[in-house]
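# Residue-level structure breakdown
Here is how the chains run, residue by residue.
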Amino acid sequence: MTLALTVSAIQYQALDGGVLPNVMEHVRLIEDAESHGARLAVFPELSLTGYNLALLESPESWLVQDDNRLEDLREICRRTGITAVVGGAYREPGGTPRLASLAIHPEGTAQAAFKTHLHGQEKDIFVAGSGASLLDLDGWRIGLAICFDAAVPEHSTGAGEAGADAYAVSAAYAQDEDHRLELHLGARAMDNRMFGILANLGGTTPLGSSCGLSGFWGPDGLRMKKAAGRGTEVVTATLQRSALQEFR
């Protein structure tokens, strides 16, 4: 168990062109995270395609188990020792469609976490998950959430009760949702005495322009660090276990 964990919350403006161009940009940004000493890099919701649900009519927009298009991601994680949480539409081996975060580990394995609280058109495309998934890294437990999951207190409570030290949200908060974003992440962190991590999708999507604001919250619910703008940006912070112990 380590006393500190360095994490990069990667605010990302997805590229047009599908999964492969975005994989290459993810590789570059993981290299950037490595230069800041990160052990964990968290990307936004649907980071490998962008939040454009119309694209999901094409089979090429969906990820599958052991997807060859993720090989460069597996290699950069192996080379840097970073675990990267990336976002995409994912079909399970049995065909079940999920809105997913995939945690790609340095040893090459991928751990899937599924969005529990679907909303809007998502309900017509995906099957919901069943609660927060926990990622174990260097003795830290990270609860993984996707966007609207953070709006439902029970989701983070489940992660906290399972021993989460941090709650990592991959999201697509749009312009004019900044107040909502701050309340969600601050409350989830404070109520469960854990760190909050947000990687927000940057740029513009069919939801509107991003409000940015990716970053970190302490277990007291207060902001630690945030992105300066609304485009692609790597925001890195070191989480200290001593800060958790003060509230536990």
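Residues numbered from 1 in each chain as written. Predicted model: local features only at pLDDT ≥ 70, side-chain atom pairs only at ≥ 80, totals over all residues. Heavy atoms only, no water.

### Re the pattern of salt bridges
- Evaluated as defined, the whole model comprises 14 salt bridges.
- Here Glu-31 ties to Arg-79 by a salt bridge, and the two come within 2.9 Å at their closest N and O atoms. Residue Glu-31 is located in helix α1 (residues 19-35), and its partner Arg-79 is located in helix α2 (residues 71-80); the two are separated by 48 residues in the primary sequence.
- For Glu-31, a relative accessible area of 35% translates into the label partly exposed. (Salt bridge = Lys/Arg side-chain N within 4 Å of Asp/Glu carboxyl O. Helix = DSSP H or I, 4+ residues; strand = E, 2+ residues; numbered from the N terminus. Buried < 20%, exposed > 50% of the residue type's maximum accessible area, 1.4 Å probe, protein only.)

### Some remarks on the sheet that holds strand β13 (residues 215-217)
- The mixed open sheet is built from 6 strands, whose spatial order is β7-β8-β9-β10-β13-β14. Looking at the sheet topology across the chains shown, the edges are occupied by β7 (133-137) and β14 (223-226). Along the sheet, successive strands turn relative to each other by an average axial angle of 20°, direction set aside. (Pairing = 2+ DSSP bridges. Axes fitted to C-alpha atoms, helices over the stretch in contact; angles between N-to-C directions.)

### Considering the side chain of Ser-47
- By secondary structure assignment, the location of Ser-47 is in the loop between β2 (40-42) and β3 (62-64).
- Side-chain polar atoms of Ser-47 contact the backbone nitrogen of Gly-87, separated by 3.0 Å.
- Not counting the four nearest positions on each side in its chain, Ser-47 is found in contact with Tyr-12, Ala-14, Asn-22, His-26, Val-86, Gly-87 and Leu-201. (Polar contact = N/O pair within 3.5 Å; in protein donor to acceptor, adjacent residues only side chain to side chain. Contact = heavy atoms within 4.5 Å.)

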